[in-house]
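# A closer look at the structure
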Amino acid sequence: MKVLVIIPAYNEEESIKMTIDKLSKDAPYVDYLVVNDCSRDHTKEILEQMHASFISLPVNLGIGGAVQSGYRYALANHYDIAVQIDGDGQHDTAYLATVLEPLQKQEADVVIGSRFIAKEGFQSSGMRRAGIKILDSLIFLCTGIEIKDSTSGFRAINRTMIELYAKEYPIDYPEPEAIVRAAVEAARILEVPVVMKERNAGQSSIRPLHSAYYMLKVSIAIILCRISNHKRRK
Amino acid sequence: MSNTLQIFMIIAEVIYFILIFCFLKRKTLSLKYTLLWLIAGLVMLFFTIFPLTMIRAVKFIGVESAMNGLFALCIFFIIIILMSLTSIASKQSERIRTLTQQIAILEKRVREIEELNEKADENSNMQEGA
């Protein structure tokens, strides 16, 4: 099966090369695509120098728009599986096989790499974990699916989901909403344990000042997504 | 409503319509998004020419003074127009997003084709040299 690893990158000049090198070492059997989301630093030059496989957005679209470009690319180039990992090196590509396995066995449509199952590695701050818990409960209430790490950006999807996400993908803080979007399509969602590291460099897209806005927006988005899409049953 | 007010209102509304038509003629406004402005203007014009209908309508919904009714109506139209603007902006950002993504993917293809061409050129140059 053809696998594409999508790496959204915004101002990741310090870590992008390492992320790509580690990926090529850990999983030489996959293709990858870096989506340079109109970085203002030298991310693009580094990618050019490396002769990396990348696309460069002419306008900054944010994480959702960047990831969606990757899914569009995967759709157009007939990939069977698409994996997204962060460009900052916090997702350990050694776990790529773990995330891919359920898809290759066709046991799931969406696989989420979760840092809260094995409870190893970087666990994020207490505040942030509390926020994630609230979102997880909300997702459970809306869809009946139990997720432990709904904000994890380490996830793999199969062809059916690539088609869905290429067409519509949430824009701003997409991870939890994307789960709900998949859930209302009756996708089989599976969480597997992975270990995450603390960010090497760069800034998380969730900054402390924005967290109240983040929680409010994502909560409304989850509820809206649930009520505007009727659940399909298989 | 006094006659003077009525006259000034009509003059204001005529200016309003002339402005809209000028914009439409110069194509700085597209008709699709101007319909709301036109409808709002027509309703206002109707109420200015027949103030009694407005006084009755305003009484019916429980507002005492006709002027307050007029203000409420204006604010209502402005809110509707603002909402439609937000909806237009959202639709446009959606389209811009799709375009941006498509351009980026095409740019990668162009880059790859150019690289292939360069290689092919180098190969043919080398063959000519030999």
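Refer to the structure above for everything that follows.
The structure contained in this document is the topic of the report that follows.

About the cut-offs
- Residues numbered from 1 in each chain as written.
- Chains lettered and ligands numbered in written order.
- Predicted model: local features only at pLDDT ≥ 70, side-chain atom pairs only at ≥ 80, totals over all residues.
- Heavy atoms only, no water.
- Buried < 20%, exposed > 50% of the residue type's maximum accessible area, 1.4 Å probe, protein only.
- Helix = DSSP H or I, 4+ residues; strand = E, 2+ residues; numbered from the N terminus.
- Pairing = 2+ DSSP bridges.
- Axes fitted to C-alpha atoms, helices over the stretch in contact; angles between N-to-C directions.
- Patch = residues over 30% accessible without salt bridge, like charges linked within 9 Å, V, L, I, M, F, W, Y side chains within 5 Å.
- Areas by Shrake-Rupley, 256 points an atom, 1.4 Å probe, with all protein chains shown as cover.
- Salt bridge = Lys/Arg side-chain N within 4 Å of Asp/Glu carboxyl O.
- Lys, Arg positive; Asp, Glu negative; His and termini not counted.
- Charge placed at Lys NZ, Arg CZ, Asp CG, Glu CD.
- Contact = heavy atoms within 4.5 Å.
- Buried area = accessible area lost by both parts, 1.4 Å probe.
- Nonpolar A, V, L, I, M, F, W, Y, C, P; charged D, E, K, R; others polar.

Moving on to the pairing of strand S6 (residues 155–158) of chain A. All names here are of chain A. Alternating residues of S6 divide into Arg 155 and Ile 157 and Ala 156 and Asn 158, and every residue in both groups is buried. Examined bridge by bridge, strand S5 (residues 110–114) and S6 share three bridges and lie antiparallel to one another. The partner of Val 111 across the bridge, within S6, is Ala 156.

Two pairing modes exist for strands in a sheet, parallel and antiparallel, and in both the strands are linked by backbone hydrogen bonds. Residues and elements named next belong to chain A. One open sheet accounts for seven strands, arranged S3-S2-S1-S4-S6-S5-S7; its pairing is mixed. The open sheet has two edge strands with one neighbour each: strand S3 (54–56) and strand S7 (189–193). Each adjacent strand pair in this sheet contributes to an overall mean axis angle of 20 degrees, direction not counted.

Moving on to a nonpolar patch on the surface. All names here are of chain B. Together, Ile 7, Phe 8, Ile 11, Ile 15, Leu 19 and Phe 23 line one region of the surface with nonpolar side chains, adding up to about 590 Å² of accessible area. Residue placement: Phe 23 occurs in helix H1 (residues 3–25). By relative accessible area, Phe 23 is classed as partly exposed at 31%.

In this section: the pattern of salt bridges. Per the stated rule, a full pass over the model turns up twelve salt bridges over all chains. Arg 181 of chain A serves as the salt-bridge partner of Glu 185 of chain A, at 3.1 Å between the closest nitrogen and oxygen. Of the two residues, Glu 185 of chain A and Arg 181 of chain A, both sit in the buried class. When the shortest N-O distance is used, the salt bridge between Lys 108 of chain B and Glu 112 of chain B registers 2.6 Å. Within this pair, Lys 108 of chain B and its partner Glu 112 of chain B are both found in helix H4 (residues 66–129), separated by four residues, close to a single helical turn. In this structure Lys 108 of chain B comes out as buried when scored by relative accessible area, which is 4%. Here the residues in one salt-bridge network are Lys 22, Asp 26 and Asp 92 of chain A, joined through shared partners.

With that out of the way, let us pick up a negative patch on the surface. A contiguous patch of negative charge, built from Glu 114, Glu 115, Glu 118, Asp 121 and Glu 122 of chain B, is present on the exposed surface. Take Glu 122 of chain B: it is sitting in helix H4.

Another point: the interface of chain A and chain B. When the parts of a complex come together, some accessible area is lost, and that lost area is often used as the size of the interface. Counting residues at the interface gives 17 residues for chain A and twelve residues for chain B. Taken together, the two surfaces of chain A and chain B that pack against each other cover about 1,300 Å², and 61% of this comes from carbon and sulfur. Considering only the surface of chain A that becomes buried against chain B, Phe 54, Leu 61 and Arg 72 of chain A emerge as the three largest contributors, covering 34% of it. For the interface between chain A and chain B, the tally reads zero salt bridges. Broken down by secondary-structure element, the contributors of at least two residues to the side of chain A that touches chain B are S3 and helix H3 (62–76) of chain A. Sort the elements by how many residues they give to the side of chain A that touches chain B and H3 of chain A lands first, with five residues. Looking at the side of chain A that touches chain B residue by residue, the class counts come to ten nonpolar, six polar and one charged.

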